[in-house]
Amino acid sequence: MAFLDIAEVARLSGLAPSALRFYERKGLIAADARNGLRRAYDPGVIERLELIRCARDAGFTLGQIASFLSVRPSDTTLRAHIAAKEREVDARIAQLTRLRDSLRHVAVCDHDPVVECPEFKQAVRRAGPA
């Protein structure tokens, strides 16, 4: 099996080597070998790093991500937390969709001033938390 040097993983993932070492200390990834003194990783680490990035972008903490990466079907408590987070993500998506719709209106509205436009005001109210 061909391992990826830490520099190659950094290049492919867009993360600094220090971030990779930090993720390793947090238990999110693991070096599978050494190339001299340098860490080497299974190529599958790139996919795992993409998952971690996606989860971070969705608002998960590193601790939550570490737990989620080790969830098993029998872990009902952790799975309940995951389901709750999924509902939070759905609510955020709905809010962002309403905001996007408001911005679309502003981009084409010819009411002067735009902030006084009744349709815009209604869109802003809809864009707030559900």
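Structural data are supplied above this passage.
Quick summary incoming for the structure in this document. Computed from a prediction, not measured in an experiment: that's the story for all the values here. (Residues numbered from 1 in each chain as written. Predicted model: local features only at pLDDT ≥ 70, side-chain atom pairs only at ≥ 80, totals over all residues. Heavy atoms only, no water.)

Looking at the packing of helix H1 (residues 6-13) against helix H2 (residues 17-25)
Right, on to step 1. Running from amino to carboxyl end, H1 crosses H2 at an angle of 100 degrees, the nearest separation of the two axes being 9 Å. In terms of axis orientation, H1 runs roughly perpendicular to H2. In this structure, H1 uses Ile6, Val9, Ala10 and Ser13 to contact H2, whose residues at the interface are Pro17, Leu20 and Arg21.
Right, on to step 2. A breakdown of the residues in the contact of H1 with H2 according to their chemical character gives 5 nonpolar, 1 polar and 1 charged. (Axes fitted to C-alpha atoms, helices over the stretch in contact; angles between N-to-C directions. Helix = DSSP H or I, 4+ residues; strand = E, 2+ residues; numbered from the N terminus. Parallel < 35°, antiparallel > 145°, perpendicular 65-115°, else oblique. Contact = heavy atoms within 4.5 Å. Nonpolar A, V, L, I, M, F, W, Y, C, P; charged D, E, K, R; others polar.)

Structural notes on the pairing of strand E3 (residues 38-41)
Right, on to step 1. Bridge count for strand E1 (residues 4-5) against E3 is 2 bridges, and the pairing is antiparallel. Across the sheet, the residue bridging to Leu4 is Tyr41, located in E3.
Right, on to step 2. Relative to E3, strand E2 (residues 33-35) runs antiparallel, the two being bridged by 3 bridges. Across the sheet, the residue bridging to Ala33 is Ala40, located in E3.
Right, on to step 3. Linking two consecutive strands that pair antiparallel, namely E2 and E3, is a turn of 2 residues; a positive phi of about 70 degrees is found at Gly36 within it. (Pairing = 2+ DSSP bridges.)

Overview of helix H3 (residues 45-57)
Right, on to step 1. Between the first and last C-alpha of H3 there are 18 Å, a value that for 13 residues agrees with the 18 Å anticipated at 1.5 Å per step.
Right, on to step 2. When we look at burial in H3, the residues that qualify are Val45, Ile46, Leu49, Ile52 and Ala55.
Right, on to step 3. Its buried side turned inward, H3 meets E1, H1, H2, E3 and helix H4 (62-69).
Right, on to step 4. Phi turns positive, to about 100 degrees, at Gly59, one or two residues after H3. (Expected span 1.5 Å × (residues − 1). Buried < 20%, exposed > 50% of the residue type's maximum accessible area, 1.4 Å probe, protein only.)

Comments concerning the pattern of salt bridges
Right, on to step 1. Counted by the stated rule, this structure contains 7 salt bridges.
Right, on to step 2. Salt-bridge contacts for Asp5 lead to Arg38; the nearest nitrogen and oxygen are separated by 2.9 Å. Pair noted here: Asp5 is in strand E1 and Arg38 is in strand E3, with a separation of 33 residues, a long-range link.
Right, on to step 3. With relative accessibility at 18%, the residue Asp5 sits in the buried group.
Right, on to step 4. What emerges from the salt-bridge pattern is a single network uniting Arg100, Asp101 and Arg104. (Salt bridge = Lys/Arg side-chain N within 4 Å of Asp/Glu carboxyl O.)

What about H1?
Right, on to step 1. Turning to H1, its buried residues are Ile6, Val9, Ala10 and Ser13. Considered in projection along H1, the buried side chains sweep an arc of 100 degrees and stay on one side of the axis.
Right, on to step 2. Of the surrounding elements, those touching the buried residues of H1 are E1, H2, E3 and H3.
Right, on to step 3. The opening residue of H1, the one whose side-chain oxygen lies 2.8 Å from the backbone nitrogen of Ala7, is Asp5.
Right, on to step 4. Two residues or fewer past H1, Gly14 is found with a positive phi of approximately 80 degrees. (Arc of directions from axis to C-beta. Polar contact = N/O pair within 3.5 Å; in protein donor to acceptor, adjacent residues only side chain to side chain.)

A look at the packing of aromatic side chains
Right, on to step 1. Enumeration over the complete set of coordinates arrives at 2 aromatic pairs.
Right, on to step 2. Centre to centre, the rings of Phe22 and Tyr23 are 6.4 Å apart; their planes meet at 45 degrees, and the pair counts as tilted.
Right, on to step 3. By relative accessible area, Tyr23 is classed as buried at 9%.
Right, on to step 4. Look at Phe60 and Phe68: their rings are 5.0 Å apart centre to centre, the planes differ by 85 degrees, and that puts the pair in the edge-to-face class.
Right, on to step 5. For Phe68, a relative accessible area of 19% corresponds to the buried category.
Right, on to step 6. The ring of Phe60 carries Lys85 above its face, with NZ or CZ at 5.1 Å from the centroid. (Phe/Tyr/Trp six-rings, centres within 6.5 Å; stacked < 30°, edge-to-face > 60°. Lys NZ or Arg CZ within 6 Å of the ring centre and 35° of its normal.)

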